[in-house]
Structure formats: structure tokens, C-alpha cells
Amino acid sequence: IDNVDIINEKDILTTNLFNRVDNLNLLDRYESYGNSDDIYSSISSDLEMIKEEGIEYFIYDDVQPNPTIPNIENCKDVYIKNNCQGIFAFGGGSPMDTAKGIGARVARPKKPIHKMKGLLKVGKKLPMIIAIPTTAGTGSETTVAAVISNPKTHEKYPINDPIIKIIIRTAL
């Protein structure tokens, strides 16, 4: 995918974006965005543009702060059930880390997320992830790590693999 140039003309940017994201159909966002008029209204306009371009999508809106293994597994199931081809991640660090975790599980369906803990344990190409940060803070859309929480052990750990950074091809 080519890099998107910073362009002030909305029509050109929209055309560039939609030419590049055809066939992506899983959206990953916080449920709380639906309750926040300011944040959700900006996402709603993006969703409307996506719909107008004829791109089918599914929304997973149960992303938790500090994404958990069950959270990632549930979203992975939505991805597989709906034959998704990629992931849009709207939000801050948690949606970005959830998207990375989903991508890792889709790439490695027989390897549980806890077995990817640590360095270089993903090792397979992830589906395309388009990161649309709505906060300024973690920079998770630019890192090679996803931080995952295990609610059974109360452990929080990173999955670190350069493949994770490579696959986040677009951050708008």
C-alpha cells in the first residue's frame, strides 16, 4: 500500500483512502464511543463514507480498556464468522492493541494468545490493520507491541514482534 499524502482536499484524501481499503470489513472500537456524541459523531461520518463506497463492515464494539484475552478471542470470532479481510481500529491504545491481538490470532489460529507472550512469537503475516487514532497518548499505532491482560492470572504482558508494526500499514 502506498503512503497517504497529507492533502487538504477532502475528496482526494477520501478517494485515496477508499481505493486502499476496499475489502476491509471489521471495525474495532470502544463501546463507550457510541455514548460520546463528540467522538462517535466523527467516527459515524467515517462509517457513512465507508458505507457509501459500498464497503461492507462489521462493528465489534466491546473493546475493553487494557484488552483481555477473551476480548481478543471474541473479536477474532467475529472476524472469522464474517469472512473479514482486514481491520479498522478506531480509538486509543486499547483498540490498537486489540486489533494487533486479533491480527496475531487470525495469522496463528492454532496458537493461543498467551503463547505469543514475549519476543518474536507471532512470525506470520497479519491481516491489514488500518489504525485511526482518536487520542494523543500511547502511540500504539506505531509500535511493535500489543499489551494484553489475562483476567484469569491478573497478568499483563506484551506481545512483541516486528511483524506487528509492519502490518499496521496506515495510521490516519
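Residues numbered from 1 in each chain as written. Predicted model: local features only at pLDDT ≥ 70, side-chain atom pairs only at ≥ 80, totals over all residues. Heavy atoms only, no water.

Draft legend 1. Region of the structure containing the pairing of strand S6 (residues 145-150). Counting buried positions along S6 yields five of six residues, so the element is predominantly enclosed. As defined by bridge partners, S6 adjoins strand S7 (residues 155-160) across six bridges and the pair is classed as antiparallel. Opposite Ala-145, over in S7, you have Asn-160 as the bridge partner. What sits between S6 and S7 in their antiparallel hairpin is a turn of four residues, with His-154 showing a positive phi close to 60°. (Buried < 20%, exposed > 50% of the residue type's maximum accessible area, 1.4 Å probe, protein only. Helix = DSSP H or I, 4+ residues; strand = E, 2+ residues; numbered from the N terminus. Pairing = 2+ DSSP bridges.)

Draft legend 2. Main features of helix H4 (residues 93-107). Between its terminal C-alpha atoms H4 stretches 21 Å, which fits the 21 Å expected from 15 residues at 1.5 Å a residue. Among the 15 residues that make up H4, 14 are buried, leaving the element largely enclosed by the rest of the structure. (Expected span 1.5 Å × (residues − 1).)

Draft legend 3. Geometry of the confidence of the model for the protein chain. For the protein chain, per-residue confidence averages 75 on the pLDDT scale, and residues scoring 70 or more make up 68% of the total. Averaged over each element, pLDDT in the protein chain is lowest for strand S1 (residues 26-30) (49) and highest for helix H3 (residues 69-81) (93). Within the model, pLDDT remains below 50 along residues 1-10, and this stretch shows 13 contacts once partners closer than five positions in the same chain are excluded. The low-confidence segment residues 28-37, where pLDDT is below 50, has 37 contacts with residues more than four positions distant or belonging to other chains. (pLDDT = per-residue confidence, 0-100. Contact = heavy atoms within 4.5 Å.)

Draft legend 4. Main features of the packing of H3 against H4. Relative to each other, H3 and H4 sit at 60°, their axes nearing to 9 Å. Accordingly, the angle class assigned to the pair H3 and H4 is oblique. H3 and H4 meet at a crossing whose hand is right-handed. Of H4, the residues touching H3 (which contributes Asn-71, Ile-72, Glu-73, Cys-75, Lys-76 and Tyr-79) are Thr-98, Gly-101, Ile-102, Arg-105 and Val-106. Classifying every residue of the contact of H3 with H4 by side-chain character gives five nonpolar, three polar and three charged. (Axes fitted to C-alpha atoms, helices over the stretch in contact; angles between N-to-C directions. Parallel < 35°, antiparallel > 145°, perpendicular 65-115°, else oblique. Left-handed = near helix turned anticlockwise from the far one by under 90°. Nonpolar A, V, L, I, M, F, W, Y, C, P; charged D, E, K, R; others polar.)

Draft legend 5. Region of interest: the state of the cysteines. Enumeration according to the criterion identifies zero disulfides in this entry. Free cysteine: Cys-75, not disulfide-bonded; nearest cysteine sulfur from Cys-84 at 8.2 Å. Take Cys-75: its relative accessible area is 0%, and that puts it in the buried class. (Disulfide = S-S within 2.5 Å.)

Draft legend 6. Quick peek at the pattern of salt bridges. What the rule picks out here adds up to five salt bridges. Here Arg-105 ties to Glu-73 by a salt bridge, and the two come within 2.5 Å at their closest N and O atoms. With a gap of 32 residues between them, Arg-105 in helix H4 and Glu-73 in helix H3 connect regions that are remote in the sequence. The exposure classification of Arg-105 matches that of Glu-73, with both residues buried. (Salt bridge = Lys/Arg side-chain N within 4 Å of Asp/Glu carboxyl O.)

Draft legend 7. Just the side chain of Asp-97, in detail. Its place among the elements puts Asp-97 in helix H4. Among all residues touching Asp-97, those that are not within four sequence positions of it are Pro-67, Ser-140, Ala-145, Ala-146, Val-147 and Ile-148.

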